[in-house]
Amino acid sequence: MTAAPSQNPRPATRLWATPVPFDQELCGLVLDTAPRLFAVVQVCGNGRADADGWVVAWGLADGDGSTYVVGVDGQTRMTVASPERAVHLFTGQPGITARLVWLAQPAAAALDRAEAA
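Residues numbered from 1 in each chain as written. Predicted model: local features only at pLDDT ≥ 70, side-chain atom pairs only at ≥ 80, totals over all residues. Heavy atoms only, no water.

Engineer: How should the sheet that holds strand β2 (residues 52-61) be read in this particular structure?
Structural biologist: Whether parallel or antiparallel, the strands of a sheet pair through hydrogen bonds between backbone atoms. As summarised here, the arrangement of the five strands in space is β4-β3-β2-β1-β5, forming an open sheet in which the pairing is antiparallel. For this open sheet the edge positions go to β4 (77-80) and β5 (96-102), each flanked by a neighbour on one side alone. In this sheet, neighbouring strand axes are inclined to one another by 30 degrees on average, regardless of whether the strands run parallel or antiparallel. Two strands pair when backbone bridges link them, and strand β1 (residues 36-44) and β5 are joined in this way by seven bridges, in the antiparallel orientation. (Pairing = 2+ DSSP bridges. Helix = DSSP H or I, 4+ residues; strand = E, 2+ residues; numbered from the N terminus. Axes fitted to C-alpha atoms, helices over the stretch in contact; angles between N-to-C directions.)

Okay, structure coming up:
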């Protein structure tokens, strides 16, 4: 005797998906909510062959736009409305411009410091 094909158009599925390990969930949460890291760079002689640039500050931009900036001198600390506002605050000296340089969006997270390095 042969079994008749199922009349159900949908294949059988499990009611519960395979659980994701908790550590993996935590790493996913961190990646989903991580602030964006950027540098504020000042440039002298932009567009010239002898142009020079240096990092003056590092910043974190949250998803809601809040931005936290720390100068490389360790003394400058500020909270501003946007990364662009931070750039504006580091512009103003004659012949020197400032710009943002974004680090790439993180692609991995680890609970162990050695794994993250």
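Next, the rest of the story.
Engineer: So what exactly am I meant to see when it comes to the nonpolar core here?
Structural biologist: Grouped burial of nonpolar side chains is what soluble globular proteins tend to show. In this structure, F38, V40, V56, A57, A61, V69, V80, A86, V87, F90 and A98 together form the largest nonpolar core, which totals eleven residues. Only β1, β2 and α2 (83-89) provide two or more residues apiece to this core. For this core, the element with the most residues is β2, which contributes three residues. Apart from residues lying up to four places away in sequence, V87 is in contact with V40, A98, R99 and L100. (Core = buried A, V, L, I, M, F, W, Y, C linked by side-chain atoms within 4.5 Å. Buried < 20%, exposed > 50% of the residue type's maximum accessible area, 1.4 Å probe, protein only. Contact = heavy atoms within 4.5 Å.)

Engineer: Before we go on, may I ask you to explain the packing of aromatic side chains in this structure?
Structural biologist: Aromatic ring pairs are reported here in terms of the distance separating the ring centres and the angle at which the planes meet. Under the definition given, this model contains one aromatic pair. Between F38 and W102 the ring centres are 5.1 Å apart and the planes differ by 55 degrees, which places this aromatic pair in the tilted class. Placement of the pair is F38 in strand β1 and W102 in strand β5, with a sequence separation of 64 residues. According to the relative accessible area criterion, W102 is partly exposed, its value standing at 36%. (Phe/Tyr/Trp six-rings, centres within 6.5 Å; stacked < 30°, edge-to-face > 60°.)

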